[in-house]
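# A look at the structure
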Amino acid sequence: QAFSLFVKAKEVPAAGQCAGGGGGVRWRCCRQAFEELAGIHRHVALQHGGDIGQQAGLAAEVSPSSGPAPAGNGDGLNGHSCGSPEISCALPDTSHLSCEDLTSKVGEVLLYYCYCEVKDPEKLCAWQKALCQHLHLTGKVRVASEGINGTVGGSKVATSLYIEVMLSQPLFKNILCQEDFKSSAGGAHCFPDLRVGVFKEIVPMGIDPKIVSYKETGIHLSPQEFHREVEQYLSQASQGQSDTILLDCRNFYESKIGHFQGCLAPDIRKFSYFPSYVDENLEVFKDKRVLMYCTGGIRCERGSAYLRSKAVCREVYQLKGGIHKYLEEFPDGFYRGKLFVFDDRYAICSNEDIISACRYCGTLWDQYKLCSSQHCRQLVLTCPGCRNKGLTACCPVCQEKELKVTSRASGQTLKEECECTRRRPRVPIENVSQRTLDAGE
């Protein structure tokens, strides 16, 4: 039964058809399309044995005879509680919905997180995977003992139902609310597949949550409050009188295409480098008021806690809901350029500003592509004109390696390194005086 349900969740209706199980139905899994039933069966048996076992365990905990929710059940859910007082494994009743309702490409992408104590991350993970498959959602969900962090895409009907079920989950009661979900135009096509897993941290900072906890976070500011603070900061900074630092907690390739005016944007490649960046630049933050921001707010939760643990700042504030929520209220505010997102869109926009340039010719350009060299996963800004000339790698080293890779025998690989990563210091040291001079720009 678990095997059949897993395969069923991978069905993709042919264009113009939504007949359940009828002719023309194909399956898509792990970036592969399957025309024949035998093909998808073989793939699932070989690649997803662990997932099937996990789903079978979940099914054993949820009553197999559960039908549509009985009349009077206000949450509209199908199934019963797993017996745990904190995690409900219920799935929503979708019997009244058409195939098109759940698989329409006109949809959205949700971004959310919830810090809370999770006693059984494996059970939460299994339920979350079953829920996303049930609603035909794709994306990434991280589960840990400290909570959950997800970004998922699907039809608007599916994402609305997903939010409804998440809000009804007893584990998140009185913690997660409607406004914690940030949405943008998109859908299931924005992600190659669905990835749900258990991790030590729901955002990978590389510090044990027991050592630096989200419970020690900075002071949350609403978008309106943050807007006023930035306005005041820019006014004072232009006169050389500011005692505030506007800190971007994201990676360099994110801030490169969009950031708040006058911010300090660390030239780091991973959020796990952020603690070392703080350690190496404590003098920059000494006796300062720090205004922190990131995409959706989650990195600030841990980042502000780490900064506060160093006891050097006067005050630490963070933008509640991140840039996502700020742009909903201030699309033409102090944030300029695109907002980087971790899916196949790479960026979403709220204003027409382009603040970055083509890596090769210098013309204004802010649309990322993956480096064309097979060994590299760096992103590159290269305009159409340069791409037409074959300049599609992130740097000359990768451009040269790409030629070598294509000329070598199959199976031979080259070390994943390039000029971009080799020349960039892992943890940059900030020049305080220069930063102060540039703050008002």
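From a predicted model like this one, the values you see are computed outputs, not experimental measurements. (Residues numbered from 1 in each chain as written. Predicted model: local features only at pLDDT ≥ 70, side-chain atom pairs only at ≥ 80, totals over all residues. Heavy atoms only, no water.)

## Describing the sheet that holds strand 11 (residues 219-221)
A sheet is described by the order of its strands in space; here 4 strands give the open sequence 11-15-14-12, paired in parallel fashion. The open sheet is flanked by strand 11 and strand 12 (244-248), the only strands paired with a single partner. Taking each pair of neighbouring strands and ignoring which way they run, the sheet shows an average axis angle of 25°. Two elements, strand 14 (residues 289-293) and strand 15 (residues 315-319), share 4 bridges in a ladder whose sense is parallel. (Pairing = 2+ DSSP bridges. Helix = DSSP H or I, 4+ residues; strand = E, 2+ residues; numbered from the N terminus. Axes fitted to C-alpha atoms, helices over the stretch in contact; angles between N-to-C directions.)

## Section: helix 5 (residues 121-134)
Here helix 5 contains 14 residues, and its C-alpha end-to-end distance of 20 Å stays within 8% of the 20 Å for a straight helix at 1.5 Å per residue. Summarising burial for helix 5: 12 of the 14 residues are buried, a large majority. Turning to helix 5, its buried residues number three or more, namely Pro121, Lys123, Leu124, Cys125, Ala126, Trp127, Gln128, Lys129, Ala130, Leu131, Cys132 and Gln133. (Expected span 1.5 Å × (residues − 1). Buried < 20%, exposed > 50% of the residue type's maximum accessible area, 1.4 Å probe, protein only.)

## With respect to the packing of aromatic side chains
What the rule picks out here adds up to 18 aromatic pairs. Ring geometry for Phe260 and Tyr293: centres 4.6 Å apart, planes at 70°, overall edge-to-face. Residue Phe260 is found in strand 13 (residues 258-260), and its partner Tyr293 is found in strand 14; the two are separated by 33 residues along the sequence. Just as Phe260 is buried, Tyr293 falls in that class too. Relative to Tyr368, the ring of Phe340 has its centre 6.0 Å away and its plane inclined at 80°; by these criteria the two rings are edge-to-face. With a gap of 28 residues between them, Phe340 in strand 17 (residues 339-340) and Tyr368 in strand 19 (residues 368-370) connect regions that are remote in the sequence. Residue classification places Tyr368 among the buried residues on the basis of a relative accessible area of 7%. (Phe/Tyr/Trp six-rings, centres within 6.5 Å; stacked < 30°, edge-to-face > 60°.)

## Comments concerning the side chain of Glu254
Along the polypeptide, Glu254 turns up in helix 8 (residues 252-255). Separated by 2.9 Å, the side chain of Glu254 and the backbone nitrogen of Asn251 make a polar contact. The contacts of Glu254, once residues within four sequence positions are left out, are Thr295, Arg299, Phe340 and Phe342. (Polar contact = N/O pair within 3.5 Å; in protein donor to acceptor, adjacent residues only side chain to side chain. Contact = heavy atoms within 4.5 Å.)

## Some details on the sheet that holds strand 8 (residues 147-155)
Reading across from one edge, 9-6-8-7-10 is the order of the 5 strands in this open sheet, with mixed pairing throughout. Here the strands that pair on one side only, and so sit at the sheet edges, are strand 9 (182-186) and strand 10 (194-198). Here the strands of the sheet are splayed against their neighbours by 10° on average, with no regard to which way each runs. The strands touched by helix 5 within the sheet are strand 6 (107-115), strand 7 (138-144), strand 8 and strand 10, with strand 10 carrying the most contacts at an inclination of about 170°.

## Points about the environment of Cys190
Structurally, Cys190 is set in the loop between strand 9 and strand 10. Distance in space between the C-alpha atoms of Cys190 and Val109 is 7.9 Å, their sequence separation being 81 residues. Leaving out residues up to four positions away in the same chain, Cys190 has contacts with Val109, Asp343, Asp344 and Arg345.

## Here we look at the packing of helix 1 (residues 2-9) against helix 2 (residues 37-47)
With their axes 11 Å apart at the nearest point, helix 1 and helix 2 run at an angle of 115° to one another. Remark: the crossing between helix 1 and helix 2 carries right-handed chirality. In this structure, helix 1 contributes Phe3, Phe6 and Val7 to the contact, and helix 2 contributes Ile40, His41, Val44 and Ala45. In terms of residue class, the contact of helix 1 with helix 2 is made up of 6 nonpolar, 1 polar and no charged. (Left-handed = near helix turned anticlockwise from the far one by under 90°. Nonpolar A, V, L, I, M, F, W, Y, C, P; charged D, E, K, R; others polar.)

## With respect to the pattern of salt bridges
Applying the stated criterion across every chain yields a total of 15 salt bridges. Residues Arg302 and Glu201 are paired through a salt bridge, measuring 3.0 Å at the closest nitrogen-oxygen approach. With Arg302 in helix 11 (residues 298-309) and Glu201 in the loop between strand 10 and strand 11, this pair connects stretches of sequence that are 101 residues apart. With respect to burial, Arg302 and Glu201 carry one shared label: buried. A salt bridge links Asp248 to Arg250; the shortest N-O distance between them is 2.8 Å. For the pair shown, Asp248 and Arg250 are each scored as buried. Several salt bridges share partner residues, and in doing so they unite Glu146, Glu201 and Arg302 into one network. (Salt bridge = Lys/Arg side-chain N within 4 Å of Asp/Glu carboxyl O.)

## Looking at the side chain of Arg250
Within the secondary structure layout, Arg250 lies in the loop between strand 12 and helix 8. With relative accessibility at 1%, the residue Arg250 sits in the buried group. Polar contacts involving the side chain of Arg250 include one to the main-chain carbonyl oxygen of Gly258, which spans 2.7 Å. At 3.4 Å, the side chain of Arg250 forms a polar contact with the side chain of Tyr335.

## Looking at helix 11
Between its first and last C-alpha, helix 11 extends 17 Å over 12 residues, near the 16 Å set by a 1.5 Å rise per residue. Among the residues of helix 11, Ile298, Arg299, Cys300, Glu301, Arg302, Gly303, Ser304, Ala305, Tyr306 and Leu307 are the ones counted as buried. Phi turns positive one or two residues past the end of helix 11, at Ala311, with a value near 55°.

## Quick notes on the confidence of the model for the chain
Here the chain averages 84 in pLDDT, and 82% of its residues register 70 or above. A low-confidence stretch, residues 14-23 stays under pLDDT 50, and its non-local contacts, those more than four residues away or across chains, total 9 contacts. (pLDDT = per-residue confidence, 0-100.)

## Observations regarding unusual backbone geometry
The phi angle at Asp287 is positive, at roughly 60°, despite the residue not being glycine. Secondary-structure assignment places Asp287 in the loop between helix 10 (282-285) and strand 14.

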